[in-house]
Structure formats: C-alpha cells, structure tokens
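# Geometric and topological summary
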Amino acid sequence: MSKKGGQQNLEPEYLYLRVRAGDSINTNALAPKLGPKGIPPRKAAEQIQKVCKDFSGLKVTIRVTIIGREFTVDVMPTASTLIIKALNEPPHEKSADFKHTGNLSLEQVKEIARQMRHKSLANEFEGVVKEMLGTCVSVGCTVEKKSPKEIQQKIKNGEIIIPDEEPEEQEEKEN
C-alpha cells in the first residue's frame, strides 16, 4: 500500500542487516535503506548497538521492523553465533579463517538447539541437535572433548539418546 492521500503504510516492512556487534555502525551505510522510509539512520544505529550489546565482537543478523515511521530492532542470532558465544572466547582479530578451539558440553549444544528449534526443518529434537553438532564442526570446536562428528555418530547408533522435546514444552519451561 502506498502513501496516497497522506496515509501511512501500516503493513510491516522488514530489513535484515548483518553487523558486528560492539563496533560502531556506519550511518552512511544505513541512510539509503532507512532514509526513504523516514527513519533517522543515527537513531537506528544507536538502537542496533543497544540491542546487540550481549553479542559484543560477534557478527549477528539484525531485523529492523518498520511500521509507518516507527521501527523496532531485533537480534536474529544464527547457530554459529550462539555456538561462538557459548565458547566464551576472548576477543580476537577479525579474520575469516579464524578457527575456534574451545569445548562445549552436550548440554550446551542442546540448549542452543532449543533456541534454534523454530528455524530448523528437522522433525525431531534429535535432528536439531545433529544440525548444531554439524555447525560445531564448521566453527571448529569440540563437544565433550571429542569431534562433533563422533557425537553425531553415537547419536545415530543409539549410544547417546536425545529425548524428543516438543516446542510447546519449551515454551512452558520459559514461563
């Protein structure tokens, strides 16, 4: 719906950005995207920094929801971002080929899987855990001081049993 007759567009528009949390955000990069929608880029950059403070030093995906001339900012963390955050590593240089060498417990991987369940296409919780273990392989960390591939194989063979959790059960636990 366009702005005919002075009416504002009340349908939400979404803008997705990938930013490094904790770094200053270049308002010149935001201006072409937000300016035509009536959003001041400096105000948006301040809001993004405020929302991202828990993920300092990590790249996160941000969703800016625009309704009329009002906006909200949400963090949409990816599996790799949550895994790197769980490793609690000190800040490092910004290089693409950096390998994370930390270790996670299987419980930490399950907790990340619970957070990512809504994004997964897996039918069972076990599948979501396997997806997170695959992401651990990509990140370069270990799980229970073993290769994540070994843990995946043990789950597949039935040596490690991951009880199925319904998404509704998780919501009840949070409340």
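Treat the numbers as computed from the prediction; the structure is a model and nothing was measured.

### Section: the overall build of the protein chain
Counting its regular elements, the protein chain contains seven helices and five strands. Split into buried and exposed, the 175 residues of the protein chain put 34% on the buried side.

### A few points about the pairing of strand E2 (residues 59-67)
Each regular strand carries side chains that alternate between the two faces of the sheet. Note that strand E1 (residues 13-20) and E2 share eight bridges and pair antiparallel. In the sheet register, Val19 faces E2, and the bridge partner there is Val60. Across seven bridges, E2 lies against strand E3 (residues 70-76) in antiparallel orientation. Paired with Arg63 across the two strands is Asp74, which belongs to E3.

### What to know about the sheet that holds E3
The strand order E1-E2-E3 describes an open sheet built from three strands, whose pairing is antiparallel. Only two strands of the sheet have a single partner each, and these edge strands are E1 and E3. Along the sheet, successive strands turn relative to each other by an average axial angle of 25°, direction set aside. Helix H2 (residues 41-51) rests against E1, E2 and E3 of the sheet, and its axis sits at about 35° to E3.

### What about the nonpolar core?
Generally speaking, a soluble globular protein has its nonpolar side chains buried in company with each other. Judged by nonpolar contacts, the single largest core of 44 residues is most densely connected at Ile48, Ile62 and Val64. Looking at this core element by element, the count peaks at seven residues for helix H5 (residues 125-139). Ignoring anything within four residues of it in the chain, the contact list for Ile48 reads Leu17, Val19, Ile25, Leu30, Ile62 and Val73.

### Regarding unusual backbone geometry
For Glu144, which is not glycine, the phi dihedral falls at a positive 55°. Tracing the backbone shows Glu144 in the loop between strand E5 (142-143) and helix H6 (148-157). With a phi angle near 60°, Lys145 is a residue other than glycine that sits in the positive phi range. Counting through the fold element by element, Lys145 comes out in the loop between E5 and H6.

### Let's talk about the packing of aromatic side chains
Taken as a whole and assessed by the stated rule, the structure comprises zero aromatic pairs. Sitting above the plane of the Phe55 ring, Lys85 keeps its charged end 4.4 Å from the centroid.

### Observations regarding the pattern of salt bridges
For the structure shown, the criterion picks out five salt bridges. Between Arg114 and Glu111 there is a salt bridge, with the nearest N and O atoms lying 3.3 Å from each other. A residue pair is termed a helical-turn pair when its members lie 3 or 4 positions apart in one helix, as Arg114 and Glu111 do in helix H4 (residues 106-116) at three residues. Here Glu111 falls in the partly exposed class, since its relative accessible area comes to 36%.

Here is what the cut-offs are and how they apply
Residues numbered from 1 in each chain as written. Predicted model: local features only at pLDDT ≥ 70, side-chain atom pairs only at ≥ 80, totals over all residues. Heavy atoms only, no water. Helix = DSSP H or I, 4+ residues; strand = E, 2+ residues; numbered from the N terminus. Buried < 20%, exposed > 50% of the residue type's maximum accessible area, 1.4 Å probe, protein only. Pairing = 2+ DSSP bridges. Axes fitted to C-alpha atoms, helices over the stretch in contact; angles between N-to-C directions. Contact = heavy atoms within 4.5 Å. Core = buried A, V, L, I, M, F, W, Y, C linked by side-chain atoms within 4.5 Å. Phe/Tyr/Trp six-rings, centres within 6.5 Å; stacked < 30°, edge-to-face > 60°. Lys NZ or Arg CZ within 6 Å of the ring centre and 35° of its normal. Salt bridge = Lys/Arg side-chain N within 4 Å of Asp/Glu carboxyl O.

The quantities given are spatial measurements derived from coordinates; they are silent on function.
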